[in-house]
Structures are given as structure tokens and as C-alpha cells.
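Analysis of the macromolecular model
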Amino acid sequence: MGRIVVVGFGPGNEDHMTYRARRAIEESDMIIGYKTYIDLVRDLLDGQEIIRTGMTEEVTRAQAAVRHARSGRTVAVVSSGDAGIYGMAGLIYEVLMEQGWKPGDDPEVEVVPGVPALNAAASLLGAPLMHDFAAISLSDHLTPWDVIARRVEEAARADFVIVLYNPKSGRRTRQIVETHRILLQYRRPDTPVGIVKSAYRSGQRVVRTTLEDLLNHEIGMLTTVIVGNSSTVLYEGLMVTPRGYQRKYTLTGVNERGRLDPMPWSLNAARPSGAGTGSPESRGGPSPAFRIGTAALPAVVEVDHSSGQSFDPARPVLEVAVRPPLPDGRFSAAQWAGIADLVGPEGHIQWSPNHELILRIPGGDPVQVEASLIALGVRVGPTGEVLRIATCDFCEGEKEEAADWARKLAERFDGRPVPHELTVAINGCGMACYGAATEEIGLVFRRGAFEVYLGGKKGGRSPHPGVKVAEGVAPEAIGEVLDAILKDYVEHGAPKERFHKFFKRRGAGGYRWDGPAVETGEPVCGE
Ligand code: SAH
């Protein structure tokens, strides 16, 4: 039997060619390909017969491959990148299908995968393809321009990262201009764009720019263009698309377009204490953190799968946590109605397991929303990897002294960035009916002083309460105790490490875990 091996040899240098591609070329009797491609693999050839054709002669090439293979030879058809992506693989099958060939018939066919230009270009730019992407060839030799234009438009509308193949040639110069015009209808002018010419070949050129400036750079036959989605950033010369749309607005740090958020545990992420808590002191207006955060808004996006709303990158969803006012933990009907008004018909409200309402407001203006919520008299807080103070309702306000201390703690600690989202639960009396002892950090006010519980785990495979590490802590001192615990966690906790794990591993604030060894098995589902 004859054989056809359709080989994708990668971007064009030997290091990025697969082992199988190299072997397949070495094993062949004959090699067929576009002139430039033959030149790129010439070093591997060892006496094979060579058929070099012009670029537009793909059909001729495929027919020749089939003809020679039918005469019993092993023919390698070479394509750059992956032979199955705008390459020769499909054409070979088309020629064979036309002849009534079926798998198992002569000749045998093998397609050898290779690193396509989109991967090669992406790797040189950073990591732009981390989220859903669409590859579109702008060549309208074989595809009507209307179809291409519609694909560009739909991909742009759906916020795909877009890879443009065959963006321009000597004669095809208008396609990229028209594509640029369409993209600008859906993407911000400062959307990061990468232009890679001759990836991993001599003459390699890597340019990072913006959509606005795309046409001011050299683009040609050997160029691949990658257009970011609405959350792609340029960071220190790298083009990076976040893995998901979870970058929520946390009211912390500056998050200008073009800069990654400082990590919540980094020094830069430190926020003014008391900001965003909606405390009486801050009722004068939006907190500084909120004002700083406003700059971040364009980068905040969240796809709302639950409501089936179509996702509009130009209208990011503002997410904010609302807690009932202290000390009695009661929302009034007017507050309830005011919240509903703010959320509007397109947003929604979720009751979280952490005793708070999560409001999601498409296009919400953070400054305005915070000011309105504060005016309503409810407590406002950020979401994300931050600390939240959750409290009981102090027996509907009866435990006034405890409520007062809880309010002070909320003002000082609520919203503080931590390695992993963390609840500090405060109970106003020894009944501890809100289960503070089961939280990662629990404070129980009993007879005028605090008990401190650390390391609890409410869920997962091995739920257990925290251990009581202190009791009789004077209320005036509890802030410092909590501060010391959190400082250790922020300084020494690994990114995304939950507090209960950290505490068991290392202790915190001078306290150590010596509770029962209850951890069992592997954690599941991001525990
Ligand atoms: N089969 C190839 C694509 C061939 S179409 C693959 O899988 O990548 C030809 C187009 O691919 C070029 O116009 C260019 O857009 C892109 N391309 C191929 N090799 C490239 C390289 N080394 N650097 C940048 N772009 C490349």
C-alpha cells in the first residue's frame, strides 16, 4: 500500500517541530510542498524526491500526492503549523473522497499534527488565548467576503479573543482595514492587540499594540494578528487574557486598564481602613477606596449565565455586598424597596450563605451605587478575596454593647484584602446561635469579653468547629488580637490558601491549632 503523511511541521524551526513530524519526513520517499515550506524542512531531507509548487497550486499538490501514493510510495505533504488548519489535510481528503476512497483503502493516510501559528504567536505575546477564541482567515480567495465579515462581527459581538490568519497580502489590503472597522464597533479602542510576523523563523517580529493602532503597524503574509477580548490586558509588554471573567470589582487598589490588579495579598492592595463599610463615619460620601476603584470599572466584567442575559462587554456588571444595618440586623421595607430600585429590572439579588445580599447591577456606577446604599442606611461591602464581618442580629438589638463592638470591628476590618475570601463571624452572646465557632474565625461576646475560635471549617468533606484559642479578651483588645492574626495570614499565607488551612499549617497571631486531626482525603471542587 502507498502512504500519504500530511505533516504539520510547526511554525518553522526545528525545536518546535514534533518528533513524529520529523520521523514522518525522514521515512518518506517523496516530499511535496510549497517552495518556502520545503526550504524550511530541507535540513531533514535525505535523498527524498522533492516536488515544490507555487502557493496557489494546492489542488495540484494534493492530486500529485494521491497519484504518487497510489503507485506505492510514501509521500509526505508538508504544511506549516498544523496541516489541518488552513493546510493541506482537508484537501488531500477531498481529492480522495472524490475518487470514492474509504479509510482502509489504498493509500493509507496519516495526519501529523503540528503547532499552529496561533499557538506560536500566542506564546510569543504572553497568554492571550486563555479564554474562548475564534480563528478567522481574512483570505477571500475561497470564501465570500460577506461570510468573513459576518464571522468577524459575530466573534467580536460574543467577546471572543480573535486570531486573524492571512490578514493581508500584496493584493489583499482592504480586508484588514474593513475588519478593523468592524472590530471597533464592538471593542474598545485600547483593546490589546498582538501582531506576530514569522514566529520562530528568521525575521521574527512581535508587536504589542492596541486596536486603535492596529493599522499603523506592518502586517503581511506571514503575520498572525491576535485581538484581545474585553478583559485582555497588556502588562509589562505581555498580552494576557484572564482565565475567566471572575475579576470582580473589589473596591481595592487601582485597576486601570492596562495594569493587572494588584493581588489582594500584595502590599499595593492595602486599602484605607473602614472604607466601604457604610459606617456612620463614612456616610458623608463615597469612601476613598470607592473613588479609586472607579477607574477600574471598565475592566470589570461578569457573564451572567443564570439570567440568560446577553453579555455586553461595554456594560460591566457591578457586584456589591449588602448587609443589614447593626445593631438589630433588620432591613426596613423602605431599604428593601430602595435596594430593588437600585438593582433595576436587569440586575439581580442573591442571598449568599454569608448573611449578605449580593447585588449585581449591569452598568452600575460604583460611586453612585455606594452613595445610594449608604443613604439607605445599609452596610456596603466589596466582594471577592476580602474579609467580611458577619454578625448575628444581637437578639434584635438587645445586646447593644456587643453590637457596638461588632460595628467597630466591621469598620476596621470589613473588606480587608486577604489571600482567600474569609468570614469573621461575631456572636453577641454565649448562645452563639449564628455558629461563630464553626467559621474560620469566630468571636463570641460572653459576659463583657470575647472568646476567640480559629480554624473552623463549615463545609467540605470534613466539617468541624474551630478551636477556642482565647477567652476573656477585653473588647478594647480584640481589635489588636484580630489584627495580629490577619497580619500573619496576609504575610505568610499562600495565594488562595484558606485561613483554616493556613492556621493548621502555621498558626496565627501567636495561637496554634492543636485540635483533632480531622482532615481526610483530597479536597474536591476548589475546597
Ligand atoms: N497551517 C497553518 C496556517 C497556514 S495559513 C497553521 O496551522 O498555522 C497561512 C497563515 O498562517 C499566514 O498568513 C499567517 O497568518 C499564519 N502563519 C503561518 N506561519 C506563521 C508564522 N511562523 N508566524 C506568524 N504567522 C504565521
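Treat the numbers as computed from the prediction; the structure is a model and nothing was measured.

About the thresholds
- Residues numbered from 1 in each chain as written.
- Predicted model: local features only at pLDDT ≥ 70, side-chain atom pairs only at ≥ 80, totals over all residues.
- Heavy atoms only, no water.
- Near = heavy atom within 4 Å.
- Polar contact = N/O pair within 3.5 Å; in protein donor to acceptor, adjacent residues only side chain to side chain.
- Areas by Shrake-Rupley, 256 points an atom, 1.4 Å probe, with all protein chains shown as cover.
- Nonpolar A, V, L, I, M, F, W, Y, C, P; charged D, E, K, R; others polar.
- Domains from an automatic or database assignment.
- Phe/Tyr/Trp six-rings, centres within 6.5 Å; stacked < 30°, edge-to-face > 60°.
- Helix = DSSP H or I, 4+ residues; strand = E, 2+ residues; numbered from the N terminus.
- Buried < 20%, exposed > 50% of the residue type's maximum accessible area, 1.4 Å probe, protein only.
- Core = buried A, V, L, I, M, F, W, Y, C linked by side-chain atoms within 4.5 Å.
- Contact = heavy atoms within 4.5 Å.
- 1 Å grid on protein atoms, 1.4 Å probe; cavity = no way out; pocket = protein on both sides within 12 Å on 5 of 7 lines; lining within 4 Å.
- Points joined across faces, edges and corners; volume = space filled by probe spheres on them.
- Axes fitted to C-alpha atoms, helices over the stretch in contact; angles between N-to-C directions.
- Parallel < 35°, antiparallel > 145°, perpendicular 65-115°, else oblique.
- Left-handed = near helix turned anticlockwise from the far one by under 90°.
- pLDDT = per-residue confidence, 0-100.
- Pairing = 2+ DSSP bridges.

1. Some words on the site of the ligand
- Around the ligand, a shell composed of 19 residues is seen, among which I85, A117, M221, T223 and T224 lie nearest.
- Between the ligand and S80 there is a distance of 2.9 Å, counted from a nitrogen atom to a backbone nitrogen or oxygen.
- Note that a nitrogen atom of the ligand is positioned 2.6 Å from one of the backbone N or O atoms of I85.
- Its free accessible area being 550 Å², the ligand has 94% of it covered by the protein chains.
- When its residues are assigned to classes, the shell around the ligand shows 11 nonpolar, six polar and two charged.
- Viewed by domain, the shell around the ligand spans two of them, domain 1 (3-115) and domain 2 (118-240), each represented by three or more residues.

2. Section: the packing of aromatic side chains
- Counting across every chain of the model gives 11 aromatic pairs.
- Between Y93 and W101, the aromatic rings sit 6.0 Å apart at their centres with planes inclined by 45 degrees, giving tilted as the arrangement.
- Geometrically, the ring pair formed by F499 and F502 is tilted, given 6.4 Å between the ring centres and 45 degrees between the ring planes. Here F499 and its partner F502 are both found in helix 14 (residues 499-506), three residues apart, which amounts to about one turn of the helix.
- Judged by its relative accessible area of 1%, F499 is buried.

3. A look at the nonpolar core
- Counting residues in hydrophobic clusters, the biggest one holds 37 residues, and the most contacted among them are I441, L443, F450, V452, I485 and F499.
- Elements represented by at least two residues in this core include exactly strand 18 (387-391), helix 12 (400-413), strand 19 (422-427), strand 20 (441-446), strand 21 (449-454), strand 22 (467-473), helix 13 (475-492) and helix 14.
- Aside from chain neighbours lying at most four places away, what touches I441 is L422, T423, V424, A425, A436, Y453, L454, L482, I485, L486 and F499.

4. Overview of the layout of surface pockets
- Roughly 1600 Å³ of internal volume is contained in the largest pocket.
- In terms of lining, the largest pocket is formed by 49 residues, of which the most central are Y37, E58, Y86, S137 and N166.
- For the lining of the largest pocket, the secondary structure elements donating two or more residues are helix 2 (35-40), helix 3 (58-70), helix 4 (89-98), helix 5 (117-125), strand 7 (133-137), helix 6 (145-157), strand 9 (192-197) and strand 11 (223-227).
- A class-by-class count of the residues in the lining of the largest pocket yields 23 nonpolar, 17 polar and nine charged.

5. Observations regarding the packing of helix 3 against helix 4
- Interaxial distance between helix 3 and helix 4 falls to 9 Å at its minimum, and their mutual angle equals 60 degrees. Taken together, the axis directions place helix 3 and helix 4 in an arrangement best described as oblique. Handedness of the helix 3/helix 4 crossing: right-handed. Taking contact as the criterion, the partners of E58, V59, A62, Q63, A65, V66 and R70 in helix 3 are, on helix 4, L91, I92, V95 and L96.

6. Observations concerning the environment of H355
- Turning to its location among the elements, H355 is positioned in the loop between strand 15 (348-352) and strand 16 (356-362).
- You can call H355 partly exposed: its relative accessible area is 29%.
- Taking the C-alpha atoms as reference, H355 lies 6.6 Å from A390; in sequence the two are 35 residues apart.
- Sequence-distant contacts of H355, defined by excluding residues within four places in its chain, comprise R323, P324, A390, T391 and Y434.

7. So, the confidence of the model for the protein
- Across the protein, pLDDT averages 83, with 84% of residues at or above 70.
- Below a pLDDT of 50 lies the segment residues 246-311, which in the model reaches 148 contacts outside its immediate sequence neighbourhood of four places, other chains included.
- For the stretch residues 517-527, pLDDT sits under 50, and the model shows 18 contacts to residues farther than four places along the chain or on other chains.

8. Some details on the sheet that holds strand 12 (residues 233-235)
- The sheet built from three strands is open, its strands ordered 6-13-12 with mixed pairing. Where the open sheet ends on each side, the last strands, each with one partner, are strand 6 (126-127) and strand 12.
- Across two bridges, the pairing between strand 6 and strand 13 (residues 238-240) is parallel. Counterpart to A127 in the pairing with strand 13 is V240.

9. Some remarks on the sheet that holds strand 14 (residues 317-323)
- One open sheet accounts for four strands, arranged 15-16-14-17; its pairing is antiparallel. The strands lining the two open edges of the sheet, one partner per strand, are strand 15 and strand 17 (379-381). The average undirected angle you get between the axes of adjacent strands in this sheet is 30 degrees.
- Here six bridges tie strand 14 to strand 16, and the two strands are oriented antiparallel to one another. Bridge pairing links A321 to I358 in strand 16.

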